[in-house]
Amino acid sequence: MIGKLKGLVDSFGDDWVLIDCGGVCYEVHCSMRTLQSLPRVGESAVVFIETILREDLIRLFGFASEAEKSWFLLLTTVQGVGARVALAILSVLSPSELSSAIALQDKALVGRANGVGPKLAVRIVTELKGKVPALGGIDAGTLGLQTALGEGVAKSNVADAVSALTNLGYSSAQASAALARVVAKEGEDAATEKLIRLGLRELSQ
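Residues numbered from 1 in each chain as written. Predicted model: local features only at pLDDT ≥ 70, side-chain atom pairs only at ≥ 80, totals over all residues. Heavy atoms only, no water.

Chemist: Which residues make up the overall build of the protein chain, and what values go with them?
Modeler: Helix and strand counts for the protein chain stand at ten helices and five strands. Put simply, 55% of the contacts in the protein chain that link residues at least 6 apart link residues at least 24 apart. As presented, the protein chain carries roughly 10,300 Å² of accessible surface, and 51% of it is formed by carbon and sulfur atoms. (Helix = DSSP H or I, 4+ residues; strand = E, 2+ residues; numbered from the N terminus. Contact = heavy atoms within 4.5 Å. Areas by Shrake-Rupley, 256 points an atom, 1.4 Å probe, with all protein chains shown as cover.)

Chemist: Please provide a residue-by-residue account of helix α2 (residues 66–75), values included.
Modeler: Within α2, seven of the ten residues are buried, which leaves it mostly tucked inside the rest of the structure. Three or more residues of α2 are buried, namely A67, E68, K69, W71, F72, L74 and L75. The inward-facing, buried residues of α2 abut α1 (32–37), β4 (44–53), β5 (58–63), α3 (83–92), α4 (95–103) and α6 (118–127). (Buried < 20%, exposed > 50% of the residue type's maximum accessible area, 1.4 Å probe, protein only.)

Chemist: For the nonpolar core, give the residues involved together with the corresponding values.
Modeler: L75, I89, V116 and I124 are the most contacted members of the largest nonpolar core, which has 27 residues in total. If you list the elements that add at least two residues to this core, you get β5, α2, α3, α4 and α6. A total of seven residues in this core trace back to one element, the largest contributor, which is α3. With residues up to four places along the chain from it excluded, the contact list for I89 reads L75, L98, A113, V116 and I124. (Core = buried A, V, L, I, M, F, W, Y, C linked by side-chain atoms within 4.5 Å.)

Chemist: With reference to specific residues and values, describe the sheet that holds β5.
Modeler: With respect to topology, five strands assemble into a closed barrel ordered β1-β2-β3-β5-β4, the strand pairing being mixed. Going across the sheet, the axis of each strand differs from the next one's by a mean of 55 degrees, ignoring polarity. Relative to β5, strand β3 (residues 24–30) runs parallel, the two sharing three bridges. In the sheet register, C30 faces β5, and the bridge partner there is G62. (Pairing = 2+ DSSP bridges. Axes fitted to C-alpha atoms, helices over the stretch in contact; angles between N-to-C directions.)

Chemist: Break down the packing of aromatic side chains for me, citing the residues and quoting the values.
Modeler: Following the criterion strictly, the structure yields two aromatic pairs and no others. Where F63 meets F72, the ring centres are 5.0 Å apart and the plane angle is 50 degrees; that geometry is what we call tilted. Take F63 and F72: they sit in the same class, and that class is buried. Members of the aromatic cluster, joined through ring pairs, are F61, F63 and F72. (Phe/Tyr/Trp six-rings, centres within 6.5 Å; stacked < 30°, edge-to-face > 60°.)

This is the structure:
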């Protein structure tokens, strides 16, 4: 079983990269996020590998980090999410953003990926609820928000407050970190307007 490839980038395709490992080139299918993170042709690269075996094919999937690989494996446990859909999700959302989407039950964010309709987006955020904190690669802000929320799932007022802060230009990680501190002090039942106001205060410090 191949766990990781280290070699030179040989060439790129629409959704794959060829990695030359001592003269043997491996075709590795990746998310757009991973492909964009790889170095140029001829330069050294490292990708984490998940191998999928079927009766008619062997396919390698590559990831820029172990966190992304963990997300791929977790996403494919959801009914209706195959390898291609999982890569599509990972193309538009980083592990940190996925963590936030699950914690906030943000089906619209997950639904931005190609091949993810409204029903599948709901299934993903529902079935993965409570599983995210066990994964690596979660930013401190998201993890803090999940800890403050207990079960790691935000009520609508907290989710709305995070959305409002991100609409004001703050990153999801910054908004989550600020609201984690607010929720820890005020509780998760505080009104949305109060959460936004106190969140802004935290962000201005």
